[in-house]
Amino acid sequence: MTTFRDNLLAGKTAFVAGASSGINLQIATRLAQAGAAVTILSRSPDKIEAAAAGIRAKGGKCIGIAQDVRDHDGVGSAFAKSVEAHGEIDILVSGAAGNFVAPFNGISYNGFRAVIDIDLVGLYNVMRQGFPHLRKPGASCISISAPQAVHPYPLQAHVNAAKAGADMLIKTLAVEWGPMGVRLNSIIPGPIADTEGMARLAPTPEAMEKSAKGNPLQRLGTKDEVADLALFLSSDAAAYITGAVIPCDGGLCLQGAGRVGG
Ligand code: NAP
Ligand code: COA
């Protein structure tokens, strides 16, 4: 049986940063399943090649590039390789992130810089280096944000600051690039099952259960549910949506900040 996803993106190309695992790998897999030729990028050569091989094994067209999003010139080279393989970019997803649980006074200069450099400066690098290669008009860009962008979670000062900044950057670019026919939106995933992010934020079964019950729908989300929203935003069905920050979170962001770390 075919689904609405099949061939939705036939003939299109996608570049997904931070996609060797978790939510972003599921997004890349879904875009490939919908017919897009996909480039995925992350730091570890072994992880990114295994992820690309997994997408190819499912029938998708995919190459993997090992690159740290903190390296501005290196990200530029990655885009050049992607364009050489697949051509101009229709869909650009930026989701590389780092997180650890610590009080502000337990976050060293290097620790704060690491998260800001991956989540916020990394987004700058991906958008700044990706822009020349975007299809204009027509490209859709998506940033993977977090509830920390909206509510000040304790023990998450670095992530709160980085994700809030990232969402404002996306809104700014939506205004600057809209006249060129480029759309940009952010997705805020809630607590998503079977992810590294949740393993770090809810390290015990009790904490995981609390997270699952801590939103109006009272369950964890799935990687598929976030990937379907990304697919929608990538498609022409979302042609008039730009500058939006869209939660896929069971209603979590309607509430105040919860707690992380158990
Ligand atoms: P994950 O599996 O750890 O995904 C992070 C990805 O980013 C990995 O592929 C990692 O691969 C890559 N990465 C990390 N640092 C990088 C760097 N400096 N340069 C290039 N790639 C880098 O985590 P996840 O939980 O699925 O999270 C994915 C996204 O969703 C993140 O943006 C996160 O903030 C957001 N989010 C997650 C949740 C959740 O419940 N999990 C909730 C809200 C928001 P390498 O290690 O190989 O580099
Ligand atoms: N508590 C306090 N500080 C911590 C920490 C923790 N749990 N984990 C790392 N740090 C500090 C380190 O001590 C170091 O600071 P220092 O030099 O002052 O000692 C600084 O953060 C950088 O650590 P390092 O391991 O050198 O950085 P990295 O660039 O290799 O890794 C991280 C970046 C720290 C964000 C790492 O957790 C990572 O790679 N994460 C990617 C996966 C992930 O977080 N997935 C979930 C996404 S939501």
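Definitions and cut-offs
- Residues numbered from 1 in each chain as written.
- Chains lettered and ligands numbered in written order.
- Predicted model: local features only at pLDDT ≥ 70, side-chain atom pairs only at ≥ 80, totals over all residues.
- Heavy atoms only, no water.
- Helix = DSSP H or I, 4+ residues; strand = E, 2+ residues; numbered from the N terminus.
- Buried < 20%, exposed > 50% of the residue type's maximum accessible area, 1.4 Å probe, protein only.
- Contact = heavy atoms within 4.5 Å.
- Areas by Shrake-Rupley, 256 points an atom, 1.4 Å probe, with all protein chains shown as cover.
- Lys, Arg positive; Asp, Glu negative; His and termini not counted.
- Charge placed at Lys NZ, Arg CZ, Asp CG, Glu CD.
- Pairing = 2+ DSSP bridges.
- Right-handed = clockwise from strand over helix to strand, strands pointing away.
- Phe/Tyr/Trp six-rings, centres within 6.5 Å; stacked < 30°, edge-to-face > 60°.
- Lys NZ or Arg CZ within 6 Å of the ring centre and 35° of its normal.
- Near = heavy atom within 4 Å.
- Polar contact = N/O pair within 3.5 Å; in protein donor to acceptor, adjacent residues only side chain to side chain.
- Nonpolar A, V, L, I, M, F, W, Y, C, P; charged D, E, K, R; others polar.

Visitor: Which residues make up the overall build of the protein, and what values do they have?
Guide: When helices and strands are tallied, the protein shows eight helices and seven strands. Overall, the protein is about 45 × 45 × 40 Å in size when its C-alpha atoms are taken along their principal axes. Relative to its full complement of 262 residues, the protein shows a buried share of 49%. Within the protein, contacts between residues at least 6 apart in sequence are counted, and of these 75% link residues at least 24 apart. For the protein, the accessible area works out to roughly 11700 Å², and carbon and sulfur atoms hold 57% of it. Across the protein, the 23 positively charged side chains and the 22 negatively charged ones have centroids separated by 1 Å.

Visitor: Residue-level account of the pairing of strand 5 (residues 140–144), with values.
Guide: Most of strand 5 is tucked away, with five of its five residues classed as buried. A two-sided burial pattern is seen for strand 5, the buried positions comprising Ser-140, Ile-142 and Ile-144 on one face and Cys-141 and Ser-143 on the other. The pairing of strand 4 (residues 91–94) with strand 5 spans four bridges and is classified as parallel. Its bridge partner lying in strand 5, Leu-92 is registered against Cys-141. Handedness of the crossover joining strand 4 and strand 5 through helix 4 (residues 109–130): right-handed. Bridging between strand 5 and strand 6 (residues 183–189) involves five bridges; their strand directions are parallel. The partner of Ile-144 across the bridge, within strand 6, is Ile-187. Regarding the hand of the β-α-β motif, the stretch spanning strand 5, helix 5 (residues 157–177) and strand 6 is right-handed.

Visitor: How would you summarise the packing of aromatic side chains if you had to cite specific residues and measurements?
Guide: Considering all chains together, one arrives at two aromatic pairs under this definition. On the numbers, 4.1 Å between centres and 20° between planes, the contact of Phe-15 with Phe-79 is stacked. On the criterion of sequence distance, the pair formed by Phe-15 in strand 1 (residues 13–17) and Phe-79 in helix 3 (residues 72–86) is long-range, its members being 64 residues apart. For the pair Phe-15 and Phe-79, one class covers both residues: buried. Ring plane angle 40° and centroid distance 4.4 Å describe the contact between Phe-131 and Trp-177, whose orientation is recorded as tilted. In this pair, Phe-131 sits in the loop between helix 4 and strand 5 while Trp-177 sits in helix 5, placing the two residues 46 residues apart along the sequence. A cation over a ring is seen here: Lys-136 above Phe-131, with NZ or CZ 4.4 Å from the ring centre.

Visitor: Talk me through the site of ligand 1; I want residue IDs and the actual numbers.
Guide: Near ligand 1, the surroundings consist of 32 residues, among which Ser-20, Ser-21, Arg-43, Gly-95 and Thr-195 are the closest. In the model, a nitrogen atom of ligand 1 is placed 2.9 Å from a nitrogen or oxygen of the Val-69 main chain. Compared with its free state, where it exposes 880 Å², ligand 1 has 91% of that area covered by protein. Of all the secondary structure elements, the ones that give two or more residues to the shell around ligand 1 are helix 1 (22–33) and helix 6 (196–201). The residue makeup of the shell around ligand 1, split by class, is 13 nonpolar, 13 polar and six charged.

Just distances and angles here, no functional claims.
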